[in-house]
Amino acid sequence: GPCDNTVWFGATEDYSLVINAATISATYLWNNGDTTSITAGLSTGSYWCTVSDQNNCSTTTDTITITEPNAITVSSSTTNVSCNGGNDGTATLTLSGGTGTLTENWGGNNPMALAAGTYTYIVTDANLCVDSGSITITEPNAITVSSSTTNVSCNGGNDGTATLTLSGGTGTLTENWGANNPM
């Protein structure tokens, strides 16, 4: 009859159908609504195509499954600057997912020598898929010192005082007057 059991081959890497038969006029109907031998712009999912000839004989291709790699995931850990105005802050990224080797781009900043601020990174995989994010490095407040004095009350006396008020920095602040104890 007009319909034979010619084998229909599935999609190639470009998701086009190759008909293995004598030259025929065929119509295509993909399950996504496309009506050409090539369907493009596909997201993940399953696709198939019904191909019909001029006698309305038809066959449906095997299901073509489009998959995607795992998303690039990034987790970060940071160490803040130890002293105000310093640049010993660090950022470390733990990378997974994507395809192939993942690379970090810090936009010219060295993530092992950061001053206080916000830094953006871009992670790229072998398919040029990207993920980006930012980290923030902080620093302690600057150490500030204010002083007050009490003058010696009488000529030759030793009852004068000098008092320092300290703030900022990290942890407990200490004073070192050496041998010149002000009290």
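Each value, and the rule that gives it
Residues numbered from 1 in each chain as written. Predicted model: local features only at pLDDT ≥ 70, side-chain atom pairs only at ≥ 80, totals over all residues. Heavy atoms only, no water. Helix = DSSP H or I, 4+ residues; strand = E, 2+ residues; numbered from the N terminus. Buried < 20%, exposed > 50% of the residue type's maximum accessible area, 1.4 Å probe, protein only. Contact = heavy atoms within 4.5 Å. Areas by Shrake-Rupley, 256 points an atom, 1.4 Å probe, with all protein chains shown as cover. Core = buried A, V, L, I, M, F, W, Y, C linked by side-chain atoms within 4.5 Å. Pairing = 2+ DSSP bridges. Axes fitted to C-alpha atoms, helices over the stretch in contact; angles between N-to-C directions.

Visitor: Any details on the overall build of the protein? Residues and values, ideally.
Guide: Check the secondary structure of the protein and you find zero helices and 14 strands. In the protein, the order of α-helices and β-strands from amino to carboxyl end is β-β-β-β-β-β-β-β-β-β-β-β-β-β. Looking at the protein residue by residue over its 183 residues, the buried ones come to 20%. In the protein, the share of contacts with a sequence separation of at least 24, taken over all contacts with a separation of at least 6, comes to 36%. For the protein, the exposed area adds up to about 12,100 Å²; of that, 47% sits on carbon and sulfur atoms.

Visitor: How would you summarise the nonpolar core if you had to cite specific residues and measurements?
Guide: Of all hydrophobic cores here, the largest spans twelve residues; its members are Ile72, Val81, Ala91, Leu93, Leu102, Trp106, Leu114, Tyr119, Tyr121, Val123, Ile135 and Ile137. The element contributing the most residues to this core is strand E11 (residues 117-124), with three residues. Residues Ala26, Tyr28, Val51 and Ile66 belong to the second largest nonpolar core, which totals eight residues.

Visitor: Talk me through the sheet that holds E11; I want residue IDs and the actual numbers.
Guide: Where strands meet in a sheet, backbone hydrogen bonds hold them as pairs that are either parallel or antiparallel. Taken in spatial order, the three strands make up an open sheet running E10-E11-E12, and their pairing is antiparallel. Both outer strands of the open sheet, strand E10 (103-105) and strand E12 (130-137), are each paired with one neighbouring strand and no more. Shown here is a sheet whose adjacent strand axes are inclined to one another by a mean of 25°, direction ignored. Here E10 runs beside E11; their pairing, made up of three bridges, is antiparallel. Paired with threonine 103 across the strands is threonine 124, a residue of E11.

Visitor: Can you explain the pairing of E12? Please cite residues and give values.
Guide: Pairing geometry for E11 and E12, over eight bridges, is antiparallel. Along E12, the bridge assignment pairs glycine 117 with isoleucine 137. Where E11 folds back on E12, the antiparallel hairpin that results is connected by five residues, among which leucine 128 adopts a positive phi of roughly 65°.

That's the geometry; what it means functionally is another story.
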